[in-house]
Amino acid sequence: MQAVVFDLDGVLTDTADYHFKAWKNLAASIGIQIDHTFNEQLKGISRMDSLERILEYGGRSNDFTLIEREQLAEQKNEEYRLLIASITPRELLPGIASFLRELKDEGLKIGLASASKNGSSILERLHIADNFDTIVDPAKLSKGKPDPEIFRTAADQLNLLPSECAGIEDAVAGIQSINGAGIFSVGVGVPPEAKADWNVNATAELTLGELMAHFKAK
Ligand code: B16
Ligand code: MG
């Protein structure tokens, strides 16, 4: 194993609640009420795909032009950016700082495969941007998670084969993306149906020793 490719939201930091708050307010402004259970479906899904799912859920799929949908997505992003403006390194999930240090100390490469167009600025706010050898630009992808493109692109950008990488995800769509790319998948709190190669309950359980052992056993 020569690299670890990380998802961001739910793996490095927990911005799910900020996304939820911003989507909930946006949805309410057009008469759609969403709850935490529905929000689970939006994890790892791109901004525009998330909006489509909300409109479908509210029975309003055909009520907005493309320009109006782009404005709605922008409205959500404006509130989301206000919410994430005050993120600090304290919001790194447990164990992540030491896990990144272990990877660096052992000379492994580190990549980011997040659907978020705000990914780079969040890494800066968490003070971990310098650890990353590559960041996939989600704006350049033709398909979002669960399509394998994002994780396959991360391996390509690192000049590695998918079989030389591990990927870590908290969303079912993300595990499907990693598995489809032929990368060893690590699920953080994902249900067994997602079929991750190794499952942990929380990021605090991530250590290089454990990861290597599971990677070699596959
Ligand atoms: P943005 P990940 C995903 O990040 C989030 O889980 C998902 O809820 C969000 O809609 C998506 O990023 C796009 O984010 O609106 O900031 O571009 O889990 O792939 O790191
Ligand atoms: Mg995620």
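Quick caveat, the model's predicted, so the values are computed rather than measured.

Conventions we followed
Residues numbered from 1 in each chain as written. Chains lettered and ligands numbered in written order. Predicted model: local features only at pLDDT ≥ 70, side-chain atom pairs only at ≥ 80, totals over all residues. Buried ≥ 20, exposed ≤ 12 C-beta atoms within 10 Å, placed from the backbone. Helix = DSSP H or I, 4+ residues; strand = E, 2+ residues; numbered from the N terminus. Pairing = 2+ DSSP bridges. UniProt positions renumbered as here; feature names shortened; annotations may be inferred. Contact = placed C-beta atoms within 7 Å. Near = placed C-beta within 6 Å. Nonpolar A, V, L, I, M, F, W, Y, C, P; charged D, E, K, R; others polar. Right-handed = clockwise from strand over helix to strand, strands pointing away. Axes fitted to C-alpha atoms, helices over the stretch in contact; angles between N-to-C directions. Parallel < 35°, antiparallel > 145°, perpendicular 65-115°, else oblique. Left-handed = near helix turned anticlockwise from the far one by under 90°.

Draft legend 1. A look at the pairing of strand β1 (residues 3-6). Neither face of β1 is left uncovered, since the one carrying Ala3 and Val5 and the one carrying Val4 and Phe6 both have all their residues buried. Judged from the 4 bridges that link them, β1 and strand β2 (residues 109-112) form a sheet pairing that is parallel. Paired with valine 4 across the bridge in β2 is isoleucine 110. Looking at chain direction, β1 and strand β4 (residues 165-169) are connected through 4 bridges and run parallel. Looking at the pairing, alanine 3 lines up with cysteine 165 of β4.

Draft legend 2. Just the UniProt feature "binding site: Mg(2+)" (unreviewed entry) in the protein, in detail. The feature "binding site: Mg(2+)" (unreviewed entry), as given by UniProt, occupies Asp7, Asp9, Glu169 and Asp170 in the numbering adopted here. Over a stretch of 164 residues, the named residues converge on one spot in the fold, their C-alpha atoms separated by at most 8.8 Å. Along the chain, glutamate 169 falls in strand β4. Looking at glutamate 169, the number of C-beta atoms within 10 Å reads 30, which means it is buried. Those residues in contact with glutamate 169 that sit more than four places away from it in its chain are Asp7, Val11, Gly174, Ile175, Ile178, Ser185, Gly187, Val188 and Val190. As for its placement among the helices and strands, aspartate 170 is situated in the loop between β4 and α8 (172-181). With 24 C-beta atoms counted inside 10 Å, the residue aspartate 170 sits in the buried group. Residue contacts for aspartate 170: discarding those within four places in its chain leaves Asp7, Gly10, Val11, Lys43, Val188, Gly189 and Val190.

Draft legend 3. Inspection of the environment of arginine 60 at higher detail. Note that arginine 60 resides in the loop between α3 (47-57) and α4 (66-84). Along the chain, arginine 60 and glycine 31 lie 29 residues apart, while their C-alpha atoms are 9.5 Å from each other. Not counting residues up to four positions away in its chain, the partners in contact with arginine 60 are Ile30, Ile32 and Leu55.

Draft legend 4. Highlighting α8. A large share of α8 lies buried, amounting to 9 of its 10 residues. Here α8 has its buried residues at Val172, Ala173, Gly174, Ile175, Gln176, Ser177, Ile178, Asn179 and Ala181. Tucked inside the fold, the buried residues of α8 contact α7 (149-157), β4 and β5 (184-188). Backbone geometry just after α8 places glycine 182 at a positive phi near 80 degrees.

Draft legend 5. Looking closely at unusual backbone geometry. The omega torsion of the bond from lysine 145 to proline 146 falls at 15 degrees, within 30 degrees of zero and hence cis. With respect to the helices, strands and loops of the structure, proline 146 is situated in the loop between β3 (134-135) and α7. Unlike most non-glycine residues, asparagine 159 shows phi in positive territory, near 60 degrees. Look at lysine 195: it is not a glycine, yet its phi comes out positive at around 60 degrees.

Draft legend 6. Broad picture of the site of ligand 1. Taken together, 19 residues surround ligand 1, and among them Leu8, Asp9, Ser114, Ala115 and Ser116 come closest. Classifying every residue of the shell around ligand 1 by side-chain character gives 5 nonpolar, 9 polar and 5 charged.

Draft legend 7. Representation of the sheet that holds β5 within the structure. Taken in spatial order, the 6 strands line up as β3-β2-β1-β4-β5-β6 in an open sheet, and their pairing is parallel. If you trace the sheet from one side to the other, it starts and ends with β3 and β6 (198-200), each paired once. Across 4 bridges, the pairing between β4 and β5 is parallel. Its bridge partner lying in β5, glutamate 169 is registered against glycine 187.

Draft legend 8. Main features of the pairing of β4. The buried fraction of β4 amounts to 5 of the 5 residues, a majority that puts the element mostly inside the structure. Side-chain alternation along β4 places Cys165, Gly167 and Glu169 on one buried face and Ala166 and Ile168 on a second face that is also buried. Viewed along the sheet, the connection from β4 through α8 into β5 turns out right-handed.

Draft legend 9. Quick peek at the packing of helix α1 (residues 16-29) against α4. Put simply, α1 and α4 touch, their axes get as near as 9 Å, and they point 140 degrees apart. Put simply, α1 runs oblique to α4. Considering only the axes of α1 and α4, their crossing is right-handed. Touching Tyr18, His19, Lys21, Ala22, Trp23, Asn25 and Leu26 of α1 are Leu72, Gln75, Lys76, Glu79, Tyr80, Leu83 and Ile84, all from α4. Its residues placed into classes, the contact of α1 with α4 shows 8 nonpolar, 3 polar and 3 charged.

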